[in-house]
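# Summary of structural features
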Amino acid sequence: MAVPFTVLEGHRFAVRTLRQGELLLSWGLPFGRTLREIPAGEYLANSKMLGALTQRQLSITLPARPNFEDYRLPLSISEEQFSPCEQVPLHANRGTFQGYLRVGRGVGTRNYVLLLGTSGHTGPFVTTLAAQLQNLLPGYPQVTGIVPVAHTEGAGPFPGNNHSLVLRTLAGFVLNPNVAAVLAVDLGGEPINNRALQAALEAHPLGKYRPEMRYFSRSGSFAQAAAQALPLVRELLEIANGCTRTIQPLAGLKVGLQCGGSDAFSGVSGNPLLGWMSRELVSHGGSASLAETDELIGAESYVLARVRNDEVAKEFLRKIDRFQEIAGWHGHSAEGNPSGGNMLRGLYNIAIKSIGAAMKKAPDVRIDFVTEYGEAMIDPGFYFMDSPGNDLESIAGQVAAGCNMILFATGNGSITNFPFVPTIKVMTTTRRFQLLSRDMDFNAGRYQDGESFEKLGLEAFNYMVDVAGGKLSVGEKAKHSQVQIWREWRQRGQPAQLNLTEPDGKPIPIKGNEELDLRRLINARSASLGLIVPTSLCSGQIAGRIASRLNQFAGGEVSRFITVPHTEGCGVSGGHSETLLLRILTGVLTHPYIRRGLLLEHGCEKTHNDALRNFLTAERIDPSRYGFASIQLDGGIERVEEKVVSWFAGNHPDGTGEVAVPLRIAVYSQRRLSGDSQSLMALIHSVMRSGGSVIVPQHPTVFLHSLERLFSVPLQPTLPFAGQIREEGLHVMECPTETSAEILTGLAAAGAQIIVTLEGENVLTTPIVPVIPVGESGSGQDWVVRAGEELRRFLAATSNAPEMQFQVTRGLTGFSL
C-alpha cells in the first residue's frame, strides 16, 4: 500500500478504501465523515487541521484539500439510554499514606502557608512578598513552603459575571487540606476583597473548619506594606510548623484528572492510565474528579454509559448545554477548543479530542456526582466538575473542590504544576518522554512499547502514593507553577450586535499654545532592554527565570532583561480575543525601549511562535530580528534556558533599529479632573509640539469626559486597543475592558514610553513602561521634570520593581475553551 504523503506522528491515513459518506471512528465513536471516496494510503485531513498546519513552518507537503468533514453523534440521549449502576467494589484491604489530618477538611498531602491575593490588584504584592520571604523557611522545617496565590479576577470596577464563581474558588483554596494557614490580602474597596471572602467562607459547607487565617489590607509603599505583613506571616509559619504527617487512609486522597498539550496517543496510553489509577483509588475509598466540559462534547455516550442515577446523567447534559450556550453568546463553540499544538499532534477536532479525553474515566467506573466549578467534593466517589478545557482554569476549580493531588496526562509535554497541590505529569509516548524526561514524572508510552497496563498502573499508582506521602514530584523539584481561575466572560445572553469595527487612526485636533522643552528633559530613546515574550501562560514563569539569570550578566548593549508574563494564549477562544493578544505581544516586542527580543512558546498552545511569526509578517515587521524558542520542542526547561541565554549572547540585529522615535506619553486616571488642570493641558500640548503623541484610554469614562470639557472637543476612539500610532497627535485608545492592569498593558503595547497617572503613589506599574504618579497640582514644568526623573530611574534599574503587572484583556468576545 503506497502512502503518497509524509504523515505526521499521530495523524491518520486510510488503511482501506473508504466510501463517500462513511463515518470515521475512534474508540468506536465517530469524529468525521468522508467527503468523497478515499483510497487506501491517503492522508486523512479536515479543513481545520489543514488551516492550522499551514501556519506552521513544516518541511512536509500537506494535502491540498480536505477529504473528510467533522461529525459527532447528535446529542439526543434519552433516559432509557442512561445506565444507573453500582460503583466499582471497594478493596477488602485498603491502603494508607503519610498525610496531614485537617479536621473537617480531609487529609493534606502538603503543609503550605498561602499568601492569597483576593483580586488581581493584590496578586503582584503577594507574589513579590512570597519571593522575599523564602529565606524564613529554614526556621520552620515542617512547613512545605510559602506560596503566593495570584490571579487576574475581581479587579474591575464592578462585579463580573463570574463573581460568585471566583469567591467560591477562593474559599475552596483556603479550605483545601494542603493549606495549613492563610494570609488574605486586599486593598479594601475592590469587588472581591477580604470581607467578601469571609462571607464566602461562612457560606461554604466546610467553612467552619477553615484553617488559621489573617486578613491584611495593603496600603502605602511596597516596603511599608511588606513590613506590616511580616509579623502576620511569622505567626502563620509558627502555626503551620506544628503540623506533622501521620498514617492516613488512601480514602483521604482526592485527585483531579487532567490532560493538556494532548496528542493522538493521549487516549491510547496517558488518559487510560489515569483512568486505571483513579479506578484503583475509588476502590480504596478515595475520590477522583473529571473536568473540562467542552472536552467531553462528542463523548457523552461513553461518559453516561455508567452513572449513579438518572438525575446525574441529566445534570451532566445540562452542564454541556449551558457551556455551549455561554460560548455561543460570545460567538464561539466547542469546535474552537483544539489548539494548534493539538492539531499538530493528531487531534483534528473537538470530537476526536473528547473521545480520548473521556478515557480518564475507566469504562467500569460510574459517574457519582456532577458539580459546579469549585463546588466541594464532600462524599467519596467519582465526580464530574463543570469547567473549561483551559487546563489551568480547570485545575483551579478542582483544587477549590478539595483535590489534594493532580494527575496530568500530556502528549506534547505540558509543564503545568499548581503551587500548593502536587502534579504528576504522565507522558503518552516514549520518544517524547525521552526528549522531556527532566520535566515529566511517568512514561505511559511504555504501553505502546509492549508493557502490560496492569504493571504500568500499579507502578504509577504506587508513585502517586509516594508523592502524596511527601516525595517531591518533578514539577515541585523544578519550583515551577501557575494559577488561573476561570476568567470573566463579558456577555450575558446573546448580544444584539457586537461592533468590532476598529478606529481609523486619525488623531484628534486640539488647539493650544502652551510649550515646554520636553525633549531636553526626557530622552525617550535611552532604553536598551532585553525582552523575553512568553507566547502563553505556561511559558511565563520560565521566561522570568531566564530573565533573572541573564540579569546577572546584563550590561553593554542590553542594560537589563525583562519579561511580560500573562495568563493568555492557552485555552481561550479565538477570533477577536486572539487578535488582541497577538497585537499586544507584538506591541511590546517592537516597543522603542527594546534592544533585543525573543519569543518563548510552551509548544502546545493556541498562540505559538509560528502564530507570532505570521502576525509580525502581516504587520510588515521582519521576524528575523527576533529570537524564537520552545520549551517542549527544544527539550524542556533546562535546555531551552541554555538556548535563550546563548541567543542573547550572540550577535543579532536590534529589535527596533536606529530610527528616531517620537515621544509618546499616555495619561491615565480612574477619577475625573478637579481644580486647576492647566498643568495637564501644558503636558499634552508640549508632547505634541515636540512632534509626539498623547494617548488617553477610552475608560474610565469619567476621566475621558473631564478631558472633553478641558479641550472642548468630543473624544472618540482613534486607536484600537494596543494599536500602533501611524500619525502623531492626541489619540484615544479603544478599551474593551475597565480593569486597570489591562488598560495599562494596552497603553504600553500601543507604544507609550511613559504613563502619567493622577492616582497618587499606590499604583500598579508595568514591566516595560514606567507608570509615574504626578498628582494634579503644580505646573506643567513640574510634571515634566518629575516624569523625566522617574523615567531615568526606571531605565537605570537593575531589576523589576515590586508589584509589576502585565495583564492581557480578552475583550468583549473572549471565553475559555
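It should be noted that the structure appears before, not after, this text.
Residues numbered from 1 in each chain as written. Predicted model: local features only at pLDDT ≥ 70, side-chain atom pairs only at ≥ 80, totals over all residues. Heavy atoms only, no water.

### Overview of the overall build of the protein chain
Filter applied, for reference: For helices the rule is a DSSP run of H or I covering at least 4 residues; for strands it is a run of E covering at least 2, with both sets numbered from the N terminus onward. Throughout, radius of gyration means the C-alpha value; the globule benchmark is 2.2 Å times the number of residues raised to the power 0.38. Burial classes follow relative accessibility: with a 1.4 Å probe on protein chains only, a residue under 20% of its type's maximum area counts as buried, one over 50% as exposed, and anything between as partly exposed. Should any heavy atoms of two residues lie within 4.5 Å, those residues are considered in contact. Working definition of accessibility: Shrake-Rupley area with a 1.4 Å probe, residue cover restricted to the visible protein chains. Asp and Glu count as negative and Lys and Arg as positive, but His and the ends of the chain are not part of the count. Each charge is placed at NZ for Lys, CZ for Arg, CG for Asp and CD for Glu.
Looking only at helices and strands, one finds 23 helices and 26 strands in the protein chain. Here the C-alpha atoms of the protein chain give a radius of gyration of 27 Å, agreeing with the 28 Å that 2.2 N^0.38 yields for 817 residues. Taken over the C-alpha atoms alone, the protein chain extends approximately 85 × 65 × 55 Å along its principal axes. Taking all 817 residues of the protein chain together, 63% fall into the buried category. Considering only contacts in the protein chain between residues 6 or more positions apart, those separated by 24 or more positions represent 77%. Element-wise, carbon and sulfur atoms account for 50% of the exposed surface of the protein chain, whose accessible area totals about 29200 Å². Both charge centroids of the protein chain, one from 73 positive and one from 78 negative side chains, sit 3 Å from each other.

### Some remarks on the sheet that holds strand β6 (residues 112-117)
The line we're drawing: Should DSSP find at least two bridges between two strands, the strands are taken to pair. Simply put, an axis is a line fit to the C-alpha atoms, just over the touching stretch for a helix, and the angle between two N-to-C directions goes from 0 to 180 degrees.
In space, the 4 strands of this open sheet follow the order β7-β6-β8-β9, with parallel pairing throughout. Edge positions in the sheet fall to β7 (145-149) and β9 (212-217), since each of these pairs with one other strand and no more. Each strand of the sheet is rotated relative to its neighbour by a mean of 20°, with strand direction disregarded. Two strands pair when backbone bridges link them, and β6 and β7 are joined in this way by 5 bridges, in the parallel orientation. Following the sheet pairing, L114 is matched in β7 by V147.

### Here we look at the pairing of strand β14 (residues 381-385)
Regular strands place their side chains on alternate faces of the sheet. Where burial is concerned, most of β14 is hidden: 5 out of the 5 residues are buried. In terms of strand pairing, strand β13 (residues 369-371) meets β14 through 3 bridges, oriented parallel. Note that in β14 the partner of V370 across the bridge is F384.

### Brief notes about empty space enclosed by the protein
Going by this rule: Residues are called lining when one of their atoms sits within 4 Å of a cavity or pocket point, these points coming from a 1 Å grid over the protein atoms alone, where a cavity is a set in which a 1.4 Å probe fits but cannot get out and a pocket is an open set with protein on both sides within 12 Å along at least five of seven lines. Grid points are joined across faces, edges and corners, and a volume is the space filled by probe spheres set on the points. Residue type decides the class: Asp, Glu, Lys and Arg count as charged, Ala, Val, Leu, Ile, Met, Phe, Trp, Tyr, Cys and Pro as nonpolar, and the leftover types, Gly among them, as polar.
Taken as a whole and assessed by the stated rule, the structure comprises 5 cavities of 30 Å³ or more. Surrounding the largest cavity, 23 residues form its lining, G261, S339, D391, C570 and C604 being those nearest its centre. Taken together, the residues of the lining of the largest cavity break down into 6 nonpolar, 12 polar and 5 charged. When its volume is computed, the second largest cavity comes out at roughly 80 Å³. For the lining of the second largest cavity, the secondary-structure elements that each account for two or more residues are α3 (163-175) and α11 (391-401).

### What about unusual backbone geometry?
In the segment running from H699 into P700, the intervening peptide bond is cis, with an omega of 0°. With respect to the secondary-structure elements, P700 resides in the loop between β23 (693-697) and α21 (701-711).

### So, the nonpolar core
Worth spelling out the cut-off: To form a nonpolar core, buried Ala, Val, Leu, Ile, Met, Phe, Trp, Tyr and Cys residues must be joined to one another through side-chain atoms within 4.5 Å.
Formed by 71 residues in total, the largest nonpolar core has its most connected members in I695, L747 and I755. Ranked by residues supplied to this core, first place goes to helix α17 (residues 576-589) with 7 residues. The contacts of L747, once residues within four sequence positions are left out, are A666, Y668, I695, P697, M733, A752 and I755. Counting residues in hydrophobic clusters, the runner-up holds 59 residues, among them F97, L250, A288 and V365.

### Some words on the sheet that holds strand β10 (residues 246-249)
Strand order in the open sheet formed by 3 strands is β5-β4-β10, and the pairing between neighbours is antiparallel. Of all strands in the sheet, those bounded by a partner on one side alone are β5 (106-108) and β10. The average angle at which neighbouring strand axes cross in this sheet is 75°, direction not considered. Note that strand β4 (residues 96-102) and β10 share 4 bridges and pair antiparallel. If you follow F97 over to β10, its bridge partner there is Q248.

### Notes on the environment of F384
As for its position among the elements, F384 is in strand β14. Along the primary structure F384 and V312 are separated by 72 residues, whereas in three dimensions their C-alpha atoms are 9.5 Å apart. If sequence neighbours within four positions are ignored, F384 has contacts with L290, A291, T293, L296, F316, K319, I367, F369, V370 and T371.

### A few points about the packing of helix α16 (residues 540-551) against helix α19 (residues 637-649)
Applicable threshold: Working definition: roughly parallel below 35 degrees, roughly antiparallel above 145 degrees, roughly perpendicular at 65 to 115 degrees, and oblique for all remaining angles. The crossing is said to be left-handed when, going from far helix to near helix, the turn is anticlockwise and less than a right angle, and right-handed when the turn is clockwise.
Put simply, α16 and α19 touch, their axes get as near as 10 Å, and they point 45° apart. Considering their axes alone, α16 and α19 lie oblique with respect to each other. α19 is crossed by α16, and the crossing has right-handed handedness. Along its contact with α16, which presents I542, R545, I546, R549 and L550, the element α19 presents I637, E638, V640, E641, E642, V644, V645 and F648. Residues of the contact of α16 with α19, tallied by class, amount to 8 nonpolar, no polar and 5 charged.

### Some words on helix α8 (residues 310-329)
What counts here: One fewer than the residue count of a helix, multiplied by 1.5 Å, yields its expected span. In the analysis that follows, any N or O atom pair within 3.5 Å is treated as a polar contact, provided that within protein one partner can donate a hydrogen and the other can accept it, and provided that, for residues neighboring in sequence, both atoms belong to side chains.
Across its 20 residues, α8 extends 29 Å between first and last C-alpha, which sits within 8% of the 28 Å expected from 1.5 Å per residue. Residues of α8 that are buried: V312, A313, E315, F316, L317, K319, I320, F323, I326, A327 and W329. Packing partners of the buried residues in α8 comprise α7 (300-303), β13 and β14. You can read the cap of α8 off the contacts: a side-chain oxygen lies 3.2 Å from the backbone nitrogen of E311, and it is on N309. Directly after α8, the chain includes G331, whose backbone phi takes a positive value near 80°.

### Let's talk about α17
Here α17 spans 20 Å end to end across 14 residues, near enough to the 20 Å set by a 1.5 Å rise per residue. The element α17 is largely enclosed, with a buried count of 12 among its 14 residues.

### Considerations on the packing of aromatic side chains
Selection criterion: Note on aromatic contacts: the rings of Phe and Tyr and the six-membered ring of Trp form a pair at centre separations within 6.5 Å, being stacked when their planes are under 30 degrees apart, edge-to-face when over 60 apart, and tilted otherwise. In our convention, an over-ring charge means Lys NZ or Arg CZ found within 6 Å of a ring centre and within 35 degrees of that ring's normal.
As enumerated under the stated definition, the model contains 19 aromatic pairs in all. Grouping aromatic residues by their ring pairs yields a cluster made of F323, Y373, W486, W489 and F815. The ring of F31 has R12 sitting right over it, with the charged end atom 5.5 Å from the ring centre. A cation over an aromatic ring shows up here: R613 above the ring of F628, its NZ or CZ 3.9 Å from the ring centre.

### Points about the environment of I297
Mapped onto the elements, I297 comes out in the loop between β12 (287-290) and α7. Using a relative accessible area of 1% as the deciding quantity, one classes I297 as buried. Remark: the alpha-carbon pair of I297 and S354, spanning 57 residues in sequence, is separated by 6.0 Å. Not counting chain neighbours up to four residues away, the residues in contact with I297 comprise R72, I320, Q324, A334, I350, A351 and S354.

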